[in-house]
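# Summary of structural features
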Amino acid sequence: MSSWINGRAGDTILIKDRGLNYGDGAFETMRIRRRAVRFLDYHLERLADTCRRLEITAPNRARLHHEITEIAALRAEGVLKLIITRGIGKRGYRLSGRERCTRVISLHPLSRAVARPARVRLCAMRLGINETLAGLKTLNRLESVLARAEWTDSRIWEGLMRDTDDNIVCGTMSNLFMRRGSRLITPKVDRCGIAGVMRRWVLEQASGLELTVTEGRPRWADLAEADEIFMTNAVVGIVPIAVIQHGRARIRLAQWNTANELCTLLEKQ
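Below or above, wherever it landed, is the structure these notes cover. (Residues numbered from 1 in each chain as written. Predicted model: local features only at pLDDT ≥ 70, side-chain atom pairs only at ≥ 80, totals over all residues. Heavy atoms only, no water.)

All right, on to the overall build of the protein then. Scanning the protein from N- to C-terminus turns up 7 helices and 15 strands. For the protein, whose C-alpha radius of gyration is 19 Å, the value lies close to the compact-globule estimate of 18 Å for 269 residues. In terms of its C-alpha atoms, the protein occupies a principal-axis envelope of roughly 55 × 40 × 35 Å. Per-residue burial over the protein gives 49% buried out of 269 residues. Within the protein, contacts between residues at least 6 apart in sequence are counted, and of these 74% link residues at least 24 apart. In the structure as shown, the protein presents an accessible area of about 13900 Å², 49% of it carried by carbon and sulfur atoms. Placing the 45 positive and 30 negative side-chain charges of the protein at their respective mean positions leaves the two points 5 Å apart. (Helix = DSSP H or I, 4+ residues; strand = E, 2+ residues; numbered from the N terminus. Rg over C-alpha atoms; globule rule 2.2 N^0.38 Å. Buried < 20%, exposed > 50% of the residue type's maximum accessible area, 1.4 Å probe, protein only. Contact = heavy atoms within 4.5 Å. Areas by Shrake-Rupley, 256 points an atom, 1.4 Å probe, with all protein chains shown as cover. Lys, Arg positive; Asp, Glu negative; His and termini not counted. Charge placed at Lys NZ, Arg CZ, Asp CG, Glu CD.)

What follows is the structure in structure tokens.
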């Protein structure tokens, strides 16, 4: 791994950084293809919106774009992670108003390829409802950490997470889509969950595939009625789902037409 802090090579964060102390910040995980970040503008737009909602003074976009572009060019394929924290601060939650954001960029190799179609499970860990932070990719990811700790079976790629009202919202690191006929349904992320970059791209492509998009609050029983289910994130792209486990219950799927079409489109990006 190679890393840069505020534009300089390094791997040391000061212990007074609010990102370390309070998770006071945001991050983006980006896919490098052909020495460039896929959907870089989408990532930067989401980061700017997150900083605005968290009232963090965001780094200069042009400078950040330049740094990311230069660093991404060091790898033909890989993963680039960007972390933005509010910066150095005194002990305690209170802000001084003088904080200057810390930006951390790290470069990583791609993980092992995901088996497709994949197997997923339903997690016991729930997502807390918080409309103020809903949709944002903040540094507070303990719910996903604890959910991911629930299984060690290497055959299971991902875990589905529900909110405290039993609605399925997302995966530990991905967004969910289910198709019924010509309707493409994805969970709302207005109370919890993350509005993923790949989720945005899929929603934009749907009309070209003659699909009507609906955002809702699906439950376990709704998954069993789907013709097709797939999951998305910025690194792995689009992953068709073959099996969903919940205790002894199993949902099995055998159609991946939309996922395959989207994968073909994505290869051109």
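After that view, the rundown keeps rolling.
Let us now look at the environment of R141. By the secondary structure assignment, R141 is in the loop between strand 7 (118-127) and helix 4 (142-148). The partly exposed category is assigned to R141, whose relative accessible area is 22%. Each C-alpha atom, one on R141 and one on R33, is 26 Å from the other, the two residues being 108 residues apart in sequence. Filtering out sequence-adjacent residues up to four positions away, R141 remains in contact with F27, L136 and I194.

What follows concerns the layout of surface pockets. Quantified by volume, the second largest pocket comes out at close to 240 Å³. As for the second largest pocket, its lining consists of N6, T57, A58, P59, N60, R63, I88, E99, R100, C101, T102 and R103. When the residues that make up the lining of the second largest pocket are grouped by side-chain class, the tally is 4 nonpolar, 4 polar and 4 charged. (1 Å grid on protein atoms, 1.4 Å probe; cavity = no way out; pocket = protein on both sides within 12 Å on 5 of 7 lines; lining within 4 Å. Points joined across faces, edges and corners; volume = space filled by probe spheres on them. Nonpolar A, V, L, I, M, F, W, Y, C, P; charged D, E, K, R; others polar.)

Moving on, we get to the nonpolar core. Among soluble globular proteins, nonpolar side chains are generally buried collectively. If you look at the biggest cluster of nonpolar residues, it comprises 22 residues, and the most contacted ones within it are I68, L80 and L82. The set of elements that each furnish at least two residues to this core consists of strand 3 (25-33), helix 2 (40-54), helix 3 (61-72), strand 5 (77-85) and strand 6 (102-108). With 5 residues, the top contributor of residues to this core is helix 2. Not counting residues up to four positions away in its chain, the partners in contact with L80 are E28, T29, M30, I32, I68, I71, A72, I105, S106 and L107. Judged by nonpolar contacts, the second largest core, of 19 residues, contains A118, I185, A226 and M231. (Core = buried A, V, L, I, M, F, W, Y, C linked by side-chain atoms within 4.5 Å.)

Attention shifts here to the side chain of H43. The residue H43 is located in helix 2 in this model. We classify H43 as buried; its relative accessible area is 1%. Not counting residues up to four positions away in its chain, the partners in contact with H43 are E28, T29, M30, V37, R38, V197 and A234.

Under the defined criterion, the tally for this structure stands at 24 salt bridges. The residue R191 makes a salt bridge to D165 at a minimum N-O spacing of 3.1 Å. On the criterion of sequence distance, the pair formed by R191 in the loop between strand 11 (183-187) and helix 5 (197-205) and D165 in the loop between strand 8 (156-163) and strand 9 (168-171) is long-range, its members being 26 residues apart. Taking relative accessible area as the criterion, R191 reaches 16% and is therefore assigned buried. Classification of D165 as partly exposed rests on a relative accessible area of 36%. With its nearest N and O atoms 2.6 Å apart, the salt bridge here joins R199 to E215. Residue R199 is found in helix 5, and its partner E215 is found in strand 12 (residues 212-216); the two are separated by 16 residues along the sequence. Its relative accessible area of 7% is what places R199 among the buried residues. Since its relative accessible area comes to 40%, E215 is described here as partly exposed. (Salt bridge = Lys/Arg side-chain N within 4 Å of Asp/Glu carboxyl O.)

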